[in-house]
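Inside the fold
Each chain, written out:
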Amino acid sequence: MLSERRLQVLRAIVQDYVGTEEPVGSKALTERHNLGVSPATVRNDMAALEDEGFIAQPHTSAGRIPTDKGYRLFVDKLAGVKPMTAPERRAIQNFLEGAVDLDDVVARTVRLLAQLTRQVAVVQYPSLTRSTVRHVELLSLAPARLMLVLITDTGRVEQRMIDCPAPFGEASLADLRARLNSRVAGRRFTDVPSLVEDLAEPFEAEDRGTVSTVLSTLLETLVEENEERLMIGGTANLTRFGHDFPLVIRPVLEALEEQVVLLKLLGEAKDPGVTVRIGHENAHEGLNSTSVVSVGYGSGGEAVAKLGVVGPTRMDYPGTMGAVRAVARYVGQILAES
């Protein structure tokens, strides 16, 4: 275990390097921070931190920079989550409350995260496997043509046209709508197939074909929409960090284009807390020079998806963690109210 003083020195090195982009020397540390010891003592502490792999010396400079291991200790032990100010929180709320539908919520969240953190923002659409049915609407467009509208608890709306095998009257339509909602409203998507399997039985023989067609369309909609979707924004922010990527920026950009990679990066939605993956903790080689800060969001206290940011390991971790957590909280509130 590192002594309290060496932890202080490491914290000061991370803060200075993130703030100045310059490798940090012992003289600068003692001048900028009230460490209460001489530059010679700080030099000894830095040598010990380097021996243990928490800091390293880039070949061009006499100063030191944090390693992935150093950043990890900083995030786990030394960095609190920096709370947003009241004006920042109001600005987030006002910006997100203007959204007109789920696509707009996701698009605004991406823009907001990219602006707040000046990193690449990634937002996963709410997963339908973890969603519940809010309401199923059935509308008659013609005697043998219906529209099915599926509304989820996360504000997602899916519409499907249905050509019926025979004309279907308004009374039968109202009956089907009522029976369907009494079974599936408030229930998880994954439970719906077993809940509706015998729904056609009480109907007259001439209506059962249409009821079966409606049910199969509903079940197809649940399956179709099971694909995980993402939105990404702010990739131009990476160009500001050219010197933070030791080789070239292309591997990072290529990795960000792969949806499967991004979904793995964000991690499981059911883990609602803030997760930080640093440098080589990211399995994808193209992202070994980046850090990923992600968190679950959802309505009613349950995470239905993840959002987060990708940036260089030289990141303002307390500020980024605070921004990601605050945005997730407001997105959850909006989904709950929508």
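Residues numbered from 1 in each chain as written. Predicted model: local features only at pLDDT ≥ 70, side-chain atom pairs only at ≥ 80, totals over all residues. Heavy atoms only, no water.

**Focus on the nonpolar core**
Cut-off, in case you're wondering: What we call a nonpolar core is a set of buried Ala, Val, Leu, Ile, Met, Phe, Trp, Tyr and Cys residues that are connected through their side-chain atoms within 4.5 Å. Burial status follows relative accessibility: with a 1.4 Å probe on protein chains alone, a residue under 20% of its type maximum counts as buried, one over 50% as exposed, and anything between as partly exposed.
Within the largest apolar cluster, 58 residues are counted, with the highest numbers of intra-cluster contacts made by Leu29, Leu307 and Tyr317. By size, the runner-up hydrophobic cluster in this structure holds 24 residues, among which are Leu148, Phe168, Leu173 and Leu218.

**Looking at the packing of aromatic side chains**
Rules: Pairing of aromatic side chains requires ring centres within 6.5 Å, counting the rings of Phe and Tyr and the six-membered ring of Trp. Pairs whose planes differ by under 30 degrees are stacked, by over 60 edge-to-face, and all others tilted. Numbering of helices and strands runs from the N terminus; a helix is a DSSP stretch of H or I covering at least four residues, while a strand is a stretch of E covering at least two. Here, a charge over a ring means that NZ of Lys or CZ of Arg falls within 6 Å of the ring centre while also lying within 35 degrees of the ring normal.
Within this structure, the stated rule accounts for 1 aromatic pair. Taking the centre distance of 5.6 Å and the plane angle of 50 degrees together, the rings of Tyr71 and Tyr317 count as tilted. Within this pair, whereas Tyr71 is found in helix 4 (residues 68-78), its partner Tyr317 is found in helix 12 (residues 317-337), the two being separated by 246 residues in sequence. Tyr317 shares its class with Tyr71; the two are buried. The ring centre of Phe95 lies 5.3 Å from the NZ or CZ of Arg108, which sits over that ring.

**A short note on the packing of helix 5 (residues 86-97) against helix 6 (residues 102-117)**
We count it as follows: What counts as an axis is a line fitted to C-alpha atoms, over the stretch in contact for a helix, and the angles between N-to-C directions run from 0 to 180 degrees. Any angle from 65 to 115 degrees is called roughly perpendicular, while one under 35 is roughly parallel, one over 145 is roughly antiparallel, and all others are oblique. Left-handed describes a crossing whose near helix is turned anticlockwise from the far helix through less than a right angle; right-handed describes the clockwise counterpart. Residue contacts are counted whenever heavy atoms from the two residues lie within 4.5 Å of one another. Gly is placed with the polar residues, together with every amino acid not listed as nonpolar (Ala, Val, Leu, Ile, Met, Phe, Trp, Tyr, Cys and Pro) or charged (Asp, Glu, Lys and Arg).
Packing of helix 5 against helix 6 brings their axes to within 9 Å, and their N-to-C directions diverge by 150 degrees. When the interaxial angle is binned, helix 5 and helix 6 end up roughly antiparallel. Seen along the crossing, helix 5 lies across helix 6 with a hand that is right-handed. Residues Ile92, Phe95 and Leu96 of helix 5 lie in contact with helix 6, whose contacting residues are Val105, Arg108, Thr109, Arg111, Leu112 and Leu116. Here the residues of the contact of helix 5 with helix 6 sort into 6 nonpolar, 1 polar and 2 charged.

**Details of the pairing of strand 3 (residues 120-124)**
The condition is simple: We call two strands paired when DSSP finds no fewer than two bridges between them.
Across the 5 residues that make up strand 3, a large majority, 5, are buried. Side-chain alternation along strand 3 places Val120, Val122 and Gln124 on one buried face and Ala121 and Val123 on a second face that is also buried. Where strand 3 meets strand 10 (residues 305-312), 4 bridges bridge the pair, whose relative direction is antiparallel. Considered in strand 10, the bridge of Val120 is made with Val310.

**What about the side chain of Arg314?**
Put simply, the rule reads: Contacts described as polar in this section are N or O atom pairs within 3.5 Å, which, within protein, must combine one atom able to donate a hydrogen with one able to accept it, while residues neighboring in sequence count only if both atoms come from side chains.
Of note, Arg314 is situated in the loop between strand 10 and helix 12. Assessed through its relative accessible area of 7%, Arg314 is described here as buried. Within the local environment of Arg314, its side chain forms a polar contact with the backbone oxygen of Val18, the two atoms lying 2.8 Å apart.

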